[in-house]
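Fold and geometry: a report
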Amino acid sequence: MQLAVRGVVGLSSSASLIFNCQGAHHAEQPKHDAIALLKADHRKVEDLFEKFENARSDHKQALVQQICTELCIHTMIEEEIFYPACQGKIEHDDLLEESYVEHDGAKVLIAELLDSEPDAAFYDAKVSVLSEMIKHHVKEEEKRSEGLFAQAKEAGLDTEALGERLLDRKQALMEEFKNGAKLPPPETRSFTGHELLQGAPVDAGAAG
Ligand SMILES: [Fe+2]
Ligand SMILES: [Fe+2]
């Protein structure tokens, strides 16, 4: 009798894959599914944000570094591979445009956080707002039937072939940024780089 088993496996690299196993003795080559991989990234970063909420102050910077690394890699593989594959194929392209803008909004906070330390004014607030922004974005991607992933499936994208490409690129980027290697400044895709002027600093204590 053949058993069809379908599951998600966490890899040490935090990448995940979906596999189909036809019977115990004739396992097929693992197949990587793009949507499963991207969702696993979402869960990982949600978990890191949760850890940050309960972290002691001496652990905060390492956690933020990890969050920013995960988010940078995730946004890069989506923007380089997944989003372009959706372009012109999904029903609502405006959702894709919003995704690029949401990514760019998050990158502003990522850049701020990478350049500051936990005792800096507004540090925790920036992490908290970044977490909220990512929550909203993830919801838009994962929403049943109308979300970007659901639309990609509906459009019949080859999520296995895409998954292979995402995983390859993700592994290469993880290698590049491992052991705390300095992340490059996030690259925007939709923001056109207007210079902002810094006004008089707010007293964070008074603001809170
Ligand atoms: Fe995502
Ligand atoms: Fe995204």
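Scroll up to find the structure.
A brief look at the structure comes next. Residue numbers run consecutively from 1 along every chain, following the written order of its sequence. A letter from A marks each chain and a number from 1 marks each ligand, given out in the order of writing. The predicted nature of this model means local features are confined to residues of pLDDT at least 70 and side-chain atom pairs, given and counted, to a pLDDT of 80 or more, with totals for whole chains, interfaces and linings taken over all residues.

**Observations regarding the overall build of the protein**
Where helices and strands are cited, they refer to DSSP runs of H or I of at least four residues and of E of at least two residues respectively, numbered from the N terminus. When helices and strands are counted, the protein shows 7 helices and 2 strands. In sequence order, the secondary structure elements of the protein are arranged as β-β-α-α-α-α-α-α-α. Backbone-placed C-beta atoms define the burial measure: a residue is buried with 20 or more other C-beta atoms within 10 Å of its own, exposed with 12 or fewer, and partly exposed in between. Taken across its 208 residues, the protein has 25% of its residues classed as buried.

**A closer look at helix 4 (residues 123-142)**
Multiplying one less than the number of residues by 1.5 Å gives the expected span of a helix. The terminal C-alpha atoms of helix 4 lie 28 Å apart, and with 20 residues this matches the ideal 28 Å at 1.5 Å per residue to within 8%. Residues are scored as being in contact if the C-beta atoms we place from backbone atoms lie within 7 Å. Here the buried face of helix 4 lies against helix 1 (34-53), helix 2 (57-86), helix 3 (93-114) and helix 5 (148-154).

**Quick word on unusual backbone geometry**
You will see that F122, though not glycine, has its phi angle at about 70 degrees, which is positive. Mapping F122 onto the fold places it in the loop between helix 3 and helix 4. Judged by the 17 C-beta atoms lying within 10 Å of it, F122 falls in the partly exposed class. Of note, the phi angle at S145 is positive, near 60 degrees, even though the residue is not glycine. Structurally, S145 can be placed in the loop between helix 4 and helix 5.

**Quick word on the environment of G163**
Relative to the elements of secondary structure, G163 occurs in helix 6 (residues 159-176). Once the C-alpha coordinates of G163 and L37 are considered, the two residues, 126 residues apart in sequence, prove to be 7.0 Å apart.

Any link to function would need more than the numbers given here.
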